[in-house]
Amino acid sequence: MNAWINNLEVLLERWPTLASEHVLVTVVSLGLGVLIALPLGIWTVRRPRWRAAATGVASVVQTVPALALLALILPVLVGINALLMWLLGLTDGPLRAIGFLPTVIALTLYSLLPMLRNTLAGLAGVDPATVEAARGVGMTRRQVLWRVQMPLALPVIVAGVRTAAVWTVGMATLSTLIGQPSLGDYIITGLQTRNTLSILLGVVSAAALAIALDQLLGLMEAGVAQRSAWRKAVAAPGLALIVLAGFTPITIAPWLDADRDRPDAEIGAKTFNESYILAHLIADELQSDFDVHQRVGLGSTVAYDALRVNELDAYVDYTGTIWATIMKRDQIAPADVVLREMTQWLKEHDGIVCLGSLGFQNAYALAVRKETAEQHGLKTISDLAKVSDQMSIASDPEFFGRAEWRDLVSTYGLDFQQKVPMQSTLMYEAIAAGEVDVITAYTSDGRITAYDLVTLTDDRHVLPPYEAVLLLSPEAAANPKLTALLQPLIGAIDIDEMRRANLMVDIDGDTVATAAAWLRDQIDKNKKTD
Amino acid sequence: MIQIEGLVKRYNGAAAVDGLDLQIHPQELLVLLGESGCGKTTTLKMINRLIEPDAGTVRLDGVDAATINPVQLRRGIGYVFQGVGLFPHWTVAQNIAATPRLMKWEKPETAARVEELLELMRLPRAMQDRLPNELSGGQRQRVGVARALAARPKVMLMDEPFGALDPITRDELQQEYADLHVRLGLTSVLVTHDMTEALLMADRVAVMQRGRIIRIGTPRELVNDPREAYVAHLIETPRRQTIRVEALMRADG
Ligand SMILES: Nc1ncnc2c1ncn2[C@@H]1O[C@H](COP(=O)(O)OP(=O)(O)O)[C@@H](O)[C@H]1O
Ligand SMILES: [Mg+2]
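Everything numeric in this text was worked out from a predicted model, so none of it was measured.

Novice: Hey, could you go over the interface of chain A and chain B for me, with residue numbers and the actual values?
Specialist: Opposite the 16 residues of chain A that make contact, chain B presents 21 residues. Note on chain A versus chain B: buried area summed over both sides is about 1700 Å², and carbon and sulfur give 59% of it. Broken down residue by residue, the surface that chain A buries against chain B is led by Val137(A), Arg147(A) and Arg227(A), which jointly contribute 32%. Along the contact surface separating chain A from chain B lie 1 salt bridge.

Novice: For the pairing of strand E4 (residues 55-60) of chain B, give the residues involved together with the corresponding values.
Specialist: The side chains of a regular strand alternate between the sheet's two faces. Residue and element names in this part refer to chain B. By the bridge criterion, 5 bridges tie strand E1 (residues 2-11) to E4 in an arrangement that is antiparallel. Bridged to Ile4 within E4 is Val58. Where E4 meets strand E5 (residues 63-64), 2 bridges bridge the pair, whose relative direction is antiparallel. From the neighbouring strand, Arg59 faces E5, where its bridge partner is Asp64. Linkage of E4 to E5, two consecutive antiparallel strands, is achieved through a turn of 2 residues, within which Asp61 is found at a positive phi near 50 degrees.

Novice: Can you tell me about the side chain of Glu497(A), naming the residues and giving the values?
Specialist: Residue and element names in this part refer to chain A. Relative to the helices and strands, Glu497 is located in helix H24 (residues 495-506). Buried charged residue Glu497 carries no salt bridge. Nearest counter-charge: Lys525, at 8.3 Å. If we ignore the near neighbours within four places in the chain, the residues touching Glu497 are Ala492, Trp518, Leu519, Gln522 and Asn526.

Novice: Just give me the short version of the site of ligand 1, but keep the residues and values in it.
Specialist: Residue and element names in this part refer to chain B. If you check the shell around ligand 1, you find Tyr11, Ala16, Glu35, Ser36, Gly37, Cys38, Gly39, Lys40, Thr41 and Thr42 and nothing else. Cys38 is positioned with one of its backbone polar atoms (N or O) 3.3 Å from an oxygen atom of ligand 1. Relative to its free-state accessible area of 560 Å², ligand 1 is covered by the protein chains to the extent of 56%. Counting residues per element, the shell around ligand 1 draws most heavily on helix H1 (residues 40-47), which supplies 3 residues. Here the shell around ligand 1 is built from residues that sort into 3 nonpolar, 5 polar and 2 charged.

Novice: Now, about the pattern of salt bridges: what can you tell me, with residues and values included?
Specialist: Residues and elements named next belong to chain B. A complete count under the given rule lists 30 salt bridges over all chains for this structure. Ionic pairing is found between Arg49 and Glu52, a salt bridge with its closest N-O pair at 3.0 Å. What makes Glu52 partly exposed here is its relative accessible area of 37%. Residues joined in a network through salt bridges with shared partners are Arg122, Arg142, Glu172 and Glu176.

Novice: Explain the coordination of the magnesium ion (ligand 2) to me, and be specific about the residues and the numbers.
Specialist: Any two of four tetrahedral donors ideally make an angle of 109.5 degrees at the metal, while pairs among six octahedral donors ideally make 90 or 180 degrees. Residues and elements named next belong to chain B. Coordination of the magnesium ion (ligand 2) by the protein comes from Thr41 (OG1) and Gln82 (OE1), over a distance range of 2.0 to 2.6 Å. A residue pair is termed long-range when its members are at least 10 positions apart, and Thr41 in helix H1 and Gln82 in the loop between strand E6 (77-80) and helix H3 (92-96) qualify at 41 residues. Its relative accessible area of 43% is what places Gln82 among the partly exposed residues.

Novice: So what's going on with the packing of aromatic side chains? Residues and values would help.
Specialist: Considering all chains together, one arrives at 9 aromatic pairs over all chains under this definition. Between Trp43(A) and Trp50(A), the aromatic rings sit 5.5 Å apart at their centres with planes inclined by 65 degrees, giving edge-to-face as the arrangement. The class of Trp50(A) is exposed, set by a relative accessible area of 52%. A ring pair is formed by Phe400(A) and Trp405(A), whose centres lie 4.9 Å apart and whose planes are at 75 degrees; its orientation type is edge-to-face. A relative accessible area of 12% means that Phe400(A) is categorised as buried. One aromatic cluster in this structure is built from Tyr364(A), Tyr442(A) and Tyr466(A). Cation over ring: Arg101(B) sits above Trp90(B), and NZ or CZ is 5.4 Å from the ring centre.

Novice: How would you sum up the sheet that holds strand E10 (residues 212-217) of chain B? Please name residues and give values.
Specialist: Residue and element names in this part refer to chain B. A sheet is described by the order of its strands in space; here 6 strands give the open sequence E6-E7-E8-E3-E9-E10, paired in mixed fashion. Both edges of this open sheet fall to E6 and E10, since each of them pairs with a single strand only. Geometrically, the sheet is characterised by an average inter-axis angle of 15 degrees between neighbouring strands, direction not taken into account. Looking at chain direction, strand E9 (residues 204-209) and E10 are connected through 5 bridges and run antiparallel. Across the sheet, the residue bridging to Gln209 is Arg212, located in E10. Running over the sheet, H1 touches strand E3 (29-33), E6, strand E7 (155-159), strand E8 (187-192) and E9 and is turned about 155 degrees from E7.

So, how was this worked out
Residues numbered from 1 in each chain as written. Chains lettered and ligands numbered in written order. Predicted model: local features only at pLDDT ≥ 70, side-chain atom pairs only at ≥ 80, totals over all residues. Heavy atoms only, no water. Contact = heavy atoms within 4.5 Å. Buried area = accessible area lost by both parts, 1.4 Å probe. Salt bridge = Lys/Arg side-chain N within 4 Å of Asp/Glu carboxyl O. Pairing = 2+ DSSP bridges. Helix = DSSP H or I, 4+ residues; strand = E, 2+ residues; numbered from the N terminus. Buried < 20%, exposed > 50% of the residue type's maximum accessible area, 1.4 Å probe, protein only. Lys, Arg positive; Asp, Glu negative; His and termini not counted. Near = heavy atom within 4 Å. Polar contact = N/O pair within 3.5 Å; in protein donor to acceptor, adjacent residues only side chain to side chain. Areas by Shrake-Rupley, 256 points an atom, 1.4 Å probe, with all protein chains shown as cover. Nonpolar A, V, L, I, M, F, W, Y, C, P; charged D, E, K, R; others polar. Donors = N, O, S within 2.8 Å, 3.2 Å for Na, K, Ca; no water. Phe/Tyr/Trp six-rings, centres within 6.5 Å; stacked < 30°, edge-to-face > 60°. Lys NZ or Arg CZ within 6 Å of the ring centre and 35° of its normal. Axes fitted to C-alpha atoms, helices over the stretch in contact; angles between N-to-C directions.

This is the structure we're talking about:
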């Protein structure tokens, strides 16, 4: 019970920020959507060809999966930036390709269809005899539109806005993946760390916002249509409150950019706790000289793309990930070779500088209980192969389907008695309880320490290396102060320290900031003893 | 004075109005009569340019209507629509005040005019805050006439204004309007397909067939000298009805 309350307390710390950011992108996107869809609907309602084109485009946008749409906006913005830089002779792209801008573009595009469709349907549904009567009493076209057609179409139009509002609130949860904080942070990190409370908090908050917007818009419409003062008196302040909640000091601060004396530094993090901790650590290092902003929860290649175009200044990635997904290499090489070739490749292709390895790997490994290791004298996977026929292994079902697993089996001649597919949280419990003998683990997972496990060396280099490396954008790399501040992190974190830091956040319920501060202390201590 | 010359309107090649000539004298109540589809509504709408003619001219007091800004033209002419066409989202008062508000009358003046018209059309003052769907058919029709009269037009165009009413309400409204027409010194063009209504209300009746006027004259002239077989046929019904009612009354008395 206490742990729950603790967990909730920690989660709620970010609630005002996330809710406010969520409302901001929702409200801005809906507002823009209305500003586009309404005039477009009004203009095309009497022009069948344009009408077909407009609804066609809006429908196609709608069929693109939300996640894909968000991801597609990014390269488009990068392209527009490049074009603008070339046309205007700028050295810096004027548009930000991650965060607020791409989110608002995607959400606005998504909101268009229901609003456009309902505007058209609402206007078409007005009795032509009423429209003719309006002309007959001497109204101009514009007066017919605003005094007769629009008011009569309003219920249908508002219904479209309500649909769009609900969709937009839902889709905004995905904006986290492209660097825009939202209530989706709870859902995405919750999924990553199997924190059900976090997922629930995100889902419930977003649902509450969607329902509130929908109901208030409905009430407002009814208030206008039925000339009901109390309905308007409830709906108007309610809607105003929601809109204002999006324009709080938290969300506006980055726009005002209060800290003009110090240059900005944008630090990225992917969607898991280790990434958050390291981003926080980097931010702490830079705090003295830079106005640091963290972009956490970025989708897998979003961070890299953002770094390439100087949208981010620094983030931590893993050699194996870059090797496979960016460099598209599939043969396995020793860690030092991968690091060297990757560093060269990044520099040549994207101008990205790899400052170096932080000192640990977050790779796949086979882990056994300490007693098991001592009993059979296991240090390497080759050692394990000799006794594997007496043992059972548990892993993520996904891992058993991967090439790495097949390579492991064939290279070492592994032949387990039993193969048990299992959720990773349960895996640790199972090995601790002696139900299985071997599990697959991420090497920097804190639970390796918590459950007193031993990882076995991959002595025949079958598993790809995943060394944590600090990457800098071309611009950041050219900044001597920034590189000087980050240099001390290189080779400074060993695997045990990273595991402990992860453990603090994953299991003990400490905040990311606490874990980052603890890591920093360790680094300082190590320095003194060196 | 409304002078119509050679008026034509075609839809997909077929003429709805086919070279129509007609003169309407000042302060006259002219009834445009004909069966459904003969082109009455189309003719009426070309007078205030709700429909633009394909050929021909409409002159109002000698001025070609085609040279007048259509919006200004319509504000100066009262129009009662077939099926009333009240604005469903506006109250009775707002409906009646439609044209004065477009013409930017002062608020108190508009409000006074609304009250005046409610009285003129014999509508209770309390009704002004009702919406059209809260009125009976007869009340709606009265509001429709009030709305057309609001900006004190000299010309009234009325498209089957009493068509959908029960006989008693209809008779009442016909008489009231005939009175108003005289009292306000209006020039009225009233469209109907009902010969009895035409004979009872009109100063002159213009009979239309296939987009043209085939006979025009006072009710007396039409009854005594129909000339056209079609006109005689149209008069047959009221004549027969009158004779039978008279016979009944004589038998009774
Ligand atoms: N907008 C239109 N499009 C095509 N045909 C029309 C249109 N309006 C009227 N018509 C045709 O023109 C003819 C005259 O119509 P209308 O003036 O409404 O007749 P009335 O009012 O005498 O019943 C009819 O045959 C009708 O079908
Ligand atoms: Mg008609």
